[in-house]
Amino acid sequence: MSRTPRKKPADLSQNWTAARRRMLTSRFRTVPFPNWMGMKIVRLAAGAATLSLTAARHHRQYQGIVHGGALASLADTAATFAALTVIPEGTDLVTIEFKMNYLAALPGGTAWAAGRTVRVGSRVAVAAVDVYGPTKDRLIATGTFTMLVFPQSGNKGAA
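Residues numbered from 1 in each chain as written. Predicted model: local features only at pLDDT ≥ 70, side-chain atom pairs only at ≥ 80, totals over all residues. Heavy atoms only, no water.

Comments concerning helix H1 (residues 18–30)
Put simply, the rule is: Here a helix means four or more residues in a row that DSSP labels H or I, a strand means two or more in a row labelled E, and each is numbered from the N terminus. The length a helix should cover is 1.5 Å for every residue beyond the first. For the exposure calls, accessible area comes from a 1.4 Å probe over protein chains only, and a residue counts as buried if that area is under 20% of its type's maximum, exposed if over 50%, partly exposed in between. The arc under discussion is defined with respect to the helix axis, by the directions toward the C-beta atoms. The contact criterion used throughout is that any non-hydrogen atoms of two residues lie within 4.5 Å.
Along its 13 residues, H1 runs 19 Å from first to last C-alpha, staying within 8% of the 18 Å computed at 1.5 Å per residue. Turning to H1, its buried residues number three or more, namely Arg 20, Leu 24, Arg 27 and Phe 28. What you see down the axis of H1 is that its buried residues fit within an arc of 100 degrees, all on one side. Exposed and facing more than 90 degrees away from the buried side of H1 are Arg 22, Arg 29 and Thr 30. Those residues of H1 that are buried lie in contact with helix H2 (32–37), strand E1 (40–45), strand E2 (48–54), helix H3 (68–84) and strand E3 (91–102).

A word on the pairing of E2
Keep this limit in mind: Note on pairing: two strands pair once DSSP finds at least 2 bridges between them.
Counting buried residues along E2, six of its seven residues qualify, which places the element largely inside the surrounding structure. Two strands pair when backbone bridges link them, and E1 and E2 are joined in this way by five bridges, in the antiparallel orientation. Residue pairing for E2: Lys 40 is matched across the bridge by Ser 52. Count of turn residues in the E1/E2 antiparallel hairpin: two residues, of which Gly 47 carries a positive phi of about 75 degrees.

Here is the structure:
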């Protein structure tokens, strides 16, 4: 049986420019939810984003540890911004599916989510995220995120 060689994914790193870094940093500051949560950009690079979140009282669940939803939101935002660094100009994306594995509780302190793109296609992007805390060497969660890539519309922020 003859196999057709698999086409390599496009190298989208050329989409990462200083102008895109400025635009994404500015865009991050205008997104209400991550800012309300207290997320901060630590690092942006081609196909990668690291964000932090310092635990506050409103991030905790009834047992006193940081709520898994807060960690999932941090991871989702890191995945999104990692993919935003390399998706084609004129496109945007939205998460359509994710899976998180929680490996340890976060009693407090700071969590860091390190996201990296796994693959970016014309319609779908996939990113992987590792969440660390309260020290940068303790893995507390890991996840994969699938995002729909679509043409940008002119109504940013409507909804």
